[in-house]
Amino acid sequence: MLRAAGYDARHVCDNTDHVWNEYWSRALGRWVHLDSCETAYDTPLLYEGGWGKQLGFVLAACWHGHADVTR
């Protein structure tokens, strides 16, 4: 839906069990976290802080390629 609305968007998944989306905000100059399962907007530390989850490897995929976004 983000791409259909004209946003540059990517799919992000961690190596354990969760996925989310991000879109590129020109105004902020960065990727913005979106998680429809958690109704979360711009809370990228939700999983480590809120859930106490240890993320291992996180991979983002979009139309122009894949990237390790673990940090």
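Residues numbered from 1 in each chain as written. Predicted model: local features only at pLDDT ≥ 70, side-chain atom pairs only at ≥ 80, totals over all residues. Heavy atoms only, no water.

Q: Looking at this structure, how should I read the overall build of the protein?
A: Per the secondary structure count, the protein includes 1 helix and 6 strands. Scaling as 2.2 N^0.38, a compact globule of 71 residues should have a C-alpha radius of gyration of about 11 Å, and the protein matches this with 12 Å. The dimensions of the protein, computed from C-alpha atoms along their principal axes, are 35 × 25 × 20 Å. In the protein, which comprises 71 residues, the proportion classed as buried is 27%. (Helix = DSSP H or I, 4+ residues; strand = E, 2+ residues; numbered from the N terminus. Rg over C-alpha atoms; globule rule 2.2 N^0.38 Å. Buried < 20%, exposed > 50% of the residue type's maximum accessible area, 1.4 Å probe, protein only.)

Q: How should I be thinking about the environment of A9 in this particular structure?
A: Relative to the helices and strands, A9 resides in strand β1 (residues 9-14). You can call A9 buried: its relative accessible area is 7%. Sequence-wise, A9 and C62 are 53 residues apart; in three dimensions their C-alpha atoms are separated by 6.5 Å. With near-sequence residues (within four places) excluded, A9 lies in contact with L2, R3, E22, Y23, W31 and C62. (Contact = heavy atoms within 4.5 Å.)

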